[in-house]
Amino acid sequence: MAIRFYNTLTRQEDEFVPLHSGEVRLYTCGPTVYDYAHIGNFRTYLWEDLLRRFLRFRGYRVTQAMNLTDVDDKTIANARAAGISLEDYTRRYIDAFFEDIETLGIEKAEHYPRATHFIPDMARLVGKLMERGHVYESRGSLYFKIATYPGYGRLSRLDTAAGVGQARIDSDEYERDNPRDFAVWKAPKDDEPFWQTEIGPGRPGWHIECSAMSMKLLGETFDIHTGGVDNIFPHHENEIAQSEAATGKPFVRYWMHAAHLVVDGEKMSKSRGNFFTLRDLAARGYDMRAVRYHLVSVHYRKPLNFTFEGLAQSQAALARLDDLALRLGQFGASHTTGTGDLAAKARERLQGMLEDLDHDLNTAGALGHLFELVRETHTTLDTGRFSTEDLEAVRKVLHAFGRIFGIEPGQRADLDAEIEDLIRRRAEARSQRNFAESDRIRDDLLRRGIVLEDTPQGVRWKRKSA
Ligand code: AMP
Ligand code: ZN
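Predicted model, so just to flag it, every value in this text is computed and none were measured. (Residues numbered from 1 in each chain as written. Chains lettered and ligands numbered in written order. Predicted model: local features only at pLDDT ≥ 70, side-chain atom pairs only at ≥ 80, totals over all residues. Heavy atoms only, no water.)

A short note on the pattern of salt bridges
Enumeration over the complete set of coordinates arrives at 40 salt bridges. In this structure, Arg-52 and Glu-107 form a salt bridge, with 2.8 Å as the shortest nitrogen-oxygen distance. Residue Arg-52 is found in helix H1 (residues 39-57), and its partner Glu-107 is found in the loop between helix H3 (86-103) and helix H4 (119-131); the two are separated by 55 residues along the sequence. A residue is classified by how much of its surface remains accessible, and Arg-52, at 3% relative accessible area, is buried. Between Asp-223 and Arg-253 there is a salt bridge, with its nearest N and O atoms 3.2 Å apart. Taken as a pair, Asp-223 in strand E10 (residues 222-228) and Arg-253 in strand E11 (residues 252-258) lie far apart in primary sequence, 30 residues in all. On the basis of relative accessible area, Asp-223 is assigned to the buried category, the value being 1%. You can call Arg-253 partly exposed: its relative accessible area is 27%. In the salt-bridge network here, residues are joined through shared partners; they are Asp-49, Arg-52, Arg-53, Arg-56, Glu-107, Glu-110 and Arg-292. (Salt bridge = Lys/Arg side-chain N within 4 Å of Asp/Glu carboxyl O. Helix = DSSP H or I, 4+ residues; strand = E, 2+ residues; numbered from the N terminus. Buried < 20%, exposed > 50% of the residue type's maximum accessible area, 1.4 Å probe, protein only.)

Here you go:
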């Protein structure tokens with residue numbers, strides 16, 4: 001079945017066909033590194049990680065770039081307030097960002113371009129816009145003149161005519177011909193960092209950063225560009241205008257945007273003060289796997305209202321998956337009393353999951369199929385009538401879930417991956433009649449407080465009571 005994504009540009013679900021067969025080029029707007037990211041930001045980053053993982057599961061090679069905005073008004077203002085250089089200031093939050101994405105099990109993108117490392121490319125892009133007559137100068141800054149780009153407003157469906165000739169809306173904006181014209185290059189100021197470039201001294205505007213870095217790393221036309229819905233206007237609208245005006249080519253083929261994480265109906269944001277960071281949740285004792293599960297369990301185009309009750313429910317749902325994985329892990333290699341009915345159900349449920357994900361990444365639907373299978377599996381295991389094939393088929397579904405959702409069931413903190421691995425290696429050693437090795441592993445586990453019991457139904461384990 002074909003993959004379909006809701007494309008903000010066309011306002012419909014479009015069949016996904018990448019530009020280069022077998023390969024997807026993906027640009028995900030990343031953090032402005034002026035503070036710690038909050039879990040609202042991570043809702044967007046986790047959904048993008050799911051998108052990436054799903055495309056890879058479906059066999060595509062993914063080249064992803066996520067920018068780090070390390071120069072803009074906010075980073076400059078905060079560095080100045082802290083009395084340190086911009087670079088020293090942003091480094092702290094870049095490091096924290098990479099720690100956080102590791103904590104959440106987010107796969108590393110191929111590129112993390114930092115804006116300050118691509119200044120010459122940004123200047124060159126602005127130079128191209130100047131040559132083509134899309135830019136005017138005012139008080140040393142350069143502005144994109146939206147009246148020169150007829151496609152302006154196509155993404156956000158804005159009525160641009162309304163903006164033209166309108167009374168100036170903001171006292172800051174007196175230097176622009178039209179309030180919607182935006183700065184592509186900002187004049188140097190004494191107390192701000194600036195760079196000497198081929199178009200003169202200054203610093204880039206935020207929007208030009210993403211245009212220059214994405215085209216440099218992914219090509220002038222690439223497949224998917226994502227962000228939260230707040231990025232649609234003006235950020236992505238402006239990216240399209242600058243990029244297409246400079247190259248004369250379509251910039252991005254599929255625009256995808258995630259709805260917000262909200263608190264009491266309001267967007268979670270730094271400025272509202274209604275936010276939590278991962279550090280806040282860890283301090284309250286929440287498991288990061290559950291945070292991850294919670295943030296991806298709701299379809300990405302639906303707002304997700306954050307509550308601790310909801311998070312606890314996700315933690316419980318994940319525990320059911322862990323319990324099933326552990327239960328499956330307790331059976332040995334040869335069960336032949338069953339009929340393979342469970343394997344057929346597992347295949348059907350997997351199919352259902354993938355069809356839902358093919359359909360604009362419907363995670364909630366996919367999880368519905370998965371939990372049906374959890375129920376069916378327990379029921380079958382209780383009867384004692386199942387085969388190795390049945391067990392394998394269910395494991396395969398859990399594994400597929402693990403790859404796509406980035407959460408391997410059974411690997412919770414109290415039974416970490418290493419112990420599970422040991423149990424599996426012991427079973428392997430025994431099946432090869434290597435009893436010296438299997439005993440060694442059992443003793444090793446014993447030292448860690450895990451007691452194994454060989455029963456006719458397979459290996460069971462429990463924690464040694466203290
Ligand atoms: P920023 O650092 O503000 O540029 O935001 C980085 C990314 O997080 C962007 O893609 C935003 O759209 C996204 N974002 C910001 N706030 C939220 C929120 N409350 N829920 C979901 N995504 C958000
Ligand atoms: Zn961006």
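Let's talk about the coordination of the zinc ion (ligand 2)
Around the zinc ion (ligand 2), the protein contributes the donor atoms Cys-29 (SG), Cys-210 (SG) and His-235 (NE2), which lie 2.1 to 2.2 Å from the metal centre. Coordination of the zinc ion (ligand 2) draws on donor residues from a single chain, spaced C-x180-C-x24-H in sequence. In this pair, Cys-210 sits in helix H5 (residues 206-218) while His-235 sits in helix H6 (residues 232-247), placing the two residues 25 residues apart along the sequence. Across the pair, His-235 and Cys-210 agree in class, each one buried. (Donors = N, O, S within 2.8 Å, 3.2 Å for Na, K, Ca; no water.)

Looking at the sheet that holds strand E8 (residues 195-197)
Taken together, the 5 strands give an open sheet; going across it, the order is E5-E6-E7-E9-E8, and neighbouring strands pair in antiparallel fashion. Edge strands, defined here as strands with exactly one partner in the open sheet, are strand E5 (135-138) and E8. Across the sheet, the axes of successive neighbouring strands diverge by a mean angle of 45°, strand direction being ignored. Across 2 bridges, the pairing between strand E7 (residues 182-186) and strand E9 (residues 200-204) is antiparallel. Residue pairing across strands places Lys-186 opposite Arg-203, the latter belonging to E9. Strands E5, strand E6 (141-144), E7, E8 and E9 of the sheet are contacted by H4, whose axis makes an angle of about 125° with E7. (Pairing = 2+ DSSP bridges. Axes fitted to C-alpha atoms, helices over the stretch in contact; angles between N-to-C directions. Contact = heavy atoms within 4.5 Å.)

Some details on helix H12 (residues 388-405)
Here H12 is 18 residues long and its end C-alpha atoms lie 25 Å apart, about the 26 Å a rise of 1.5 Å per residue gives. Here H12 has its buried residues at Asp-390, Leu-391, Ala-393, Val-394, Val-397, Leu-398, Ala-400, Phe-401, Gly-402, Ile-404 and Phe-405. Contact partners of the buried residues in H12: H1, helix H8 (288-297), helix H9 (308-329), helix H10 (341-358) and helix H11 (363-383). One or two residues past the end of H12 sits Gly-406, with phi positive at roughly 75°. (Expected span 1.5 Å × (residues − 1).)

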